[in-house]
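Chain by chain, the residues:
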Amino acid sequence: MGAANGDGMRVLVVDDEPAIRRYLRVALMAHGHTVFDAATGQEAVTAVGAQRPDLVILDLGLPDLNGIEVTRLLREWSQIPIIIMSVNEQEADKIAALDAGADDYMTKPFSLGELLARMRVAIRRAALKTEPVFSVGDLAVDLSRRAVMVAGRRVDLTPTEYDLLRALVTHAGKVLTRHHLLREVWPTEQEQNMHLLQVNISNLRHKIERDATRPEYVLTEPGVGYRLRVGASG
């Protein structure tokens, strides 16, 4: 099963601080991962092509290209999972990184346990792209048949509710910003209509969650957007 379960990953660590690179190399290798590193954005782009890692841990502040620029460059030809790391907790930077295509965003200082958990989620999300049916808990979504089941019971969604769920399933485990969802589900609408998104998310939760006020599947990332849970701790 290997990297698909988060075990024995090939990880590229991109950070201009040698101490951070050394720490992550030792810590990740101790957990069975193979680690490569890069100190600049250009080195990172080259290393992804040459080393073919399973996942990238990418610092936001680099001496040449910043992490958002590196993410955009990689997304032109690769869907490799990318976890952004930064000392910056600004909401605008988180949204920009996620909109550029990053899978997750962590702030420094960070705990190793949380990083390892987020790495496993990112890898599981990437593996879902090859699976015809998404399943977590009692929720199952068959994209090929447009079928949604909860605890074995067929759930009828409106076209808009289904499009929202499909977007979340396609990027399961990844935080999707509100603007991303608006562009994906309502491409011809004005993006200012956040209320429309909130109403449809609420309606979707009432249909697929056991308790819409305490959602288990469609999770809110405060100030940023939403993500669909992956696995027991996703």
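Structure report, in brief. (Residues numbered from 1 in each chain as written. Predicted model: local features only at pLDDT ≥ 70, side-chain atom pairs only at ≥ 80, totals over all residues. Heavy atoms only, no water.)

1. Remarks on the side chain of lysine 174
Positionally, lysine 174 belongs in the loop between helix H6 (159-170) and strand S10 (176-177). Buried within the structure, lysine 174 lacks any salt-bridge partner; its nearest side chain of opposite charge belongs to aspartate 103, at an N-O separation of 4.8 Å. Leaving out residues up to four positions away in the same chain, lysine 174 has contacts with Leu98, Gly101, Ala102, Asp103, Arg125, Tyr226 and Arg227. (Helix = DSSP H or I, 4+ residues; strand = E, 2+ residues; numbered from the N terminus. Buried < 20%, exposed > 50% of the residue type's maximum accessible area, 1.4 Å probe, protein only. Lys, Arg positive; Asp, Glu negative; His and termini not counted. Salt bridge = Lys/Arg side-chain N within 4 Å of Asp/Glu carboxyl O. Contact = heavy atoms within 4.5 Å.)

2. Remarks on the pattern of salt bridges
For side chains of opposite charge, pairing can occur when their charged atoms come near one another. Scanning all chains against the criterion turns up 12 salt bridges. Measuring nitrogen to oxygen at the nearest pair gives 2.7 Å for the salt bridge that ties aspartate 15 to lysine 108. With aspartate 15 in the loop between strand S1 (10-14) and helix H1 (18-30) and lysine 108 in the loop between strand S5 (104-107) and helix H5 (112-128), this pair connects stretches of sequence that are 93 residues apart. A salt bridge links glutamate 114 to arginine 118; the nearest nitrogen and oxygen atoms lie 2.7 Å apart. You can see glutamate 114 and its partner arginine 118 sitting in helix H5, 4 residues apart, about one turn around the helix. In this structure glutamate 114 comes out as partly exposed when scored by relative accessible area, which is 35%.

3. A closer look at the pairing of strand S2 (residues 34-38)
Where S1 and S2 come together, 5 bridges link them in parallel fashion. Residue pairing for S2: valine 14 is matched across the bridge by alanine 38. In terms of handedness, the path from S1 via H1 over to S2 forms a crossover that is right-handed. (Pairing = 2+ DSSP bridges. Right-handed = clockwise from strand over helix to strand, strands pointing away.)

4. Remarks on the sheet that holds S2
Ordered by their spatial adjacency, 5 strands build an open sheet running S2-S1-S3-S4-S5, and the pairing between neighbours is parallel. The sheet is open, and its two edges are formed by S2 and S5, each paired on a single side. Looking at each pair of strands side by side, their axes are set apart by 20° on average, direction ignored. Of the strand pairs in this sheet, strand S3 (residues 55-59) and strand S4 (residues 82-86) are connected by 4 bridges, and their pairing is parallel. From the neighbouring strand, leucine 58 faces S4, where its bridge partner is isoleucine 84. Across the face of the sheet, helix H2 (residues 41-51) comes into contact with S1, S2 and S3 while running at roughly 170° to S1. Contacts from helix H4 (residues 91-100) reach S4 and S5 within the one sheet, and its direction differs from that of S5 by about 150°. (Axes fitted to C-alpha atoms, helices over the stretch in contact; angles between N-to-C directions.)

5. A closer look at unusual backbone geometry
Glycine aside, a negative phi is what most residues show, and trans is what most peptide bonds show. For the peptide bond that leads from lysine 108 to proline 109, omega is -5°, which places it in the cis range. Topologically, proline 109 is positioned in the loop between S5 and H5. Notably, arginine 52 is not glycine yet its phi reads approximately 50°, a positive angle. Tracing the chain through its elements places arginine 52 in the loop between H2 and S3.

6. Observations regarding the sheet that holds strand S7 (residues 139-142)
Spatially, 4 strands are ordered S6-S7-S8-S9 in an open sheet, and the strand pairing comes out antiparallel. Unpaired on one side and paired on the other, strand S6 (133-136) and strand S9 (153-154) mark the two borders of the sheet. Strand contacts of H6: S6, S7 and strand S8 (147-150), with the helix running at about 95° to S7, the strand carrying the most contacts.

7. Brief notes about the packing of H6 against helix H7 (residues 178-185)
Running from amino to carboxyl end, H6 crosses H7 at an angle of 125°, the nearest separation of the two axes being 10 Å. Between H6 and H7, the angle is such that the two are oblique. In the packing of H6 onto H7, the handedness of the crossing is right-handed. When H6 is examined against H7, the residues Thr160, Asp163, Leu164 and Ala167 are found in contact with a partner set consisting of Leu181, Glu184 and Val185. Grouping the amino acids of the contact of H6 with H7 by side-chain chemistry returns 4 nonpolar, 1 polar and 2 charged. (Parallel < 35°, antiparallel > 145°, perpendicular 65-115°, else oblique. Left-handed = near helix turned anticlockwise from the far one by under 90°. Nonpolar A, V, L, I, M, F, W, Y, C, P; charged D, E, K, R; others polar.)

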